[in-house]
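Chain and residue survey
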Amino acid sequence: MRTLLGIGMALALAAGTAAGAADEKFDAKKLIGKWQPIKSKKAEDKSKKNENMVVEFTKDGKVVLTDGAEGKEVKIEGTYKLEGDKLTFALKVLNEEVKDTVTLTKLTDDEMAGKSKDNEEAAFKKVKAKPEK
């Protein structure tokens, strides 16, 4: 149950990766990849709980949230769509679908940030692929 609460918080952070730029358009290609939360002063406690979390956006419109907290890997899958600065997603959590729309404030090759509709701020950094040997 603790893991599910952590995932819920991670989803809130992922959702919080957005909300605030006035209809700015972002390049959806930059969203593709794996992202981890960045620690911030305000969300430091949440970030510590989510340091094993990764959110992956695929080019075919799928999103996968993986949380390795407490030694157990939990995956939550769903879909997303980015239109302008609006990131809309639907995730299947247990037997329920969680839907939300957030507004991106920053999306670069390496960083993503924003606010949730509850005005919570969050930021993510892109996970760099490990070089093959």
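Quick caveat: nothing in here was measured; it's all calculated off a predicted structure. (Residues numbered from 1 in each chain as written. Predicted model: local features only at pLDDT ≥ 70, side-chain atom pairs only at ≥ 80, totals over all residues. Heavy atoms only, no water.)

**A look at the overall build of the protein chain**
Heads up, the rule is: Helix numbers and strand numbers start at the N terminus; a helix is a DSSP run of H or I with at least 4 residues, a strand a run of E with at least 2. Burial classes: relative accessible area under 20% of the type maximum marks a residue as buried, over 50% as exposed, and values in between as partly exposed (1.4 Å probe, protein chains only). By the convention used here, residues are in contact when the closest approach between their heavy atoms is within 4.5 Å. Residue-level accessible areas treat just the shown protein chains as cover; the underlying method is Shrake-Rupley with a 1.4 Å probe.
The number of helices and strands found in the protein chain is three helices and eight strands. Starting at the N terminus, the α and β elements of the protein chain follow one another as α-α-β-α-β-β-β-β-β-β-β. Taking all 133 residues of the protein chain together, the buried fraction comes to 40%. For the protein chain, the share of sequence-separated contacts (at least 6 apart) that also reach a separation of at least 24 residues comes to 51%. Counting every atom, the protein chain has about 8600 Å² of accessible surface; 49% of that belongs to carbon and sulfur.

**Brief notes about the environment of E24**
Along the chain, E24 falls in the loop between α1 (2–16) and α2 (28–31). C-alpha separation for the pair E24 and T103, spaced 79 residues apart in sequence, amounts to 9.1 Å. Here E24 is in contact with G84 and D85, once residues within four sequence places are set aside.

**Things to note about the packing of aromatic side chains**
The condition that has to hold: The rule is short: rings of Phe, Tyr and Trp, with Trp giving its six-membered ring, pair when the centres are within 6.5 Å, and they are stacked under 30 degrees, edge-to-face over 60, tilted in between.
Scanning the model with the defined rule gives one aromatic pair in all. Between the aromatic rings of F57 and Y80, the centroid separation amounts to 5.0 Å while the plane-to-plane angle is 85 degrees, which identifies the pairing as edge-to-face. A residue pair is termed long-range when its members are at least 10 positions apart, and F57 in strand β2 (residues 53–57) and Y80 in strand β4 (residues 74–83) qualify at 23 residues. There is no split in this pair, since F57 and Y80 are both buried.

**Quick word on the sheet that holds strand β3 (residues 62–67)**
Strands belonging to one sheet form pairs held by backbone hydrogen bonds; the direction of such a pair is parallel or antiparallel. The test is simple: Two strands make a pair as long as DSSP finds a minimum of two bridges between them. The axes used here are C-alpha line fits, helices contributing only the stretch in contact, and every angle between their N-to-C directions lies in the interval 0 to 180 degrees.
Spatially, eight strands are ordered β1-β2-β3-β4-β5-β6-β7-β8 in a closed barrel, and the strand pairing comes out antiparallel. Taking the axes of each pair of neighbouring strands and ignoring which way they run, one obtains an average angle of 35 degrees across the sheet. Where β3 meets β4, six bridges bridge the pair, whose relative direction is antiparallel. Paired with V64 across the bridge in β4 is E77.

**Regarding the side chain of T66**
Here T66 is to be found in strand β3. Once residues within four sequence positions are removed from consideration, T66 is found in contact with N52, M53, V54, E73, V74 and K75.

**Concerning unusual backbone geometry**
Even without a glycine there, the phi angle at L94 is positive, about 55 degrees. Locating L94 in the fold gives a position in the loop between β5 (86–93) and β6 (96–107).

**Considerations on the nonpolar core**
For clarity, the cut-off: Here the nonpolar core consists of buried residues drawn from Ala, Val, Leu, Ile, Met, Phe, Trp, Tyr and Cys, with membership extended through side-chain atoms lying within 4.5 Å.
Grouped together as the largest cluster of nonpolar side chains are 21 residues, with contacts concentrated most on L31, F57, L87, L107 and M112. Residue assignment for this core shows that the elements contributing at least two residues are β2, β3, β4, β5, β6 and β8 (121–126). The element contributing the most residues to this core is β5, with four residues. The residues touching F57, leaving out its near neighbours within four places in the chain, are L31, I32, G33, W35, K62, V63, Y80, L87 and M112.

**Structural notes on the pattern of salt bridges**
We apply this condition: A side-chain nitrogen of Lys or Arg and a carboxyl oxygen of Asp or Glu constitute a salt bridge if their distance falls within 4 Å.
Per the counting criterion, the structure on display carries six salt bridges. Across the pair D100 and K117 runs a salt bridge, and its minimum N-O distance is 3.4 Å. Pair noted here: D100 is in strand β6 and K117 is in the loop between β7 (111–115) and β8, with a separation of 17 residues, a long-range link.

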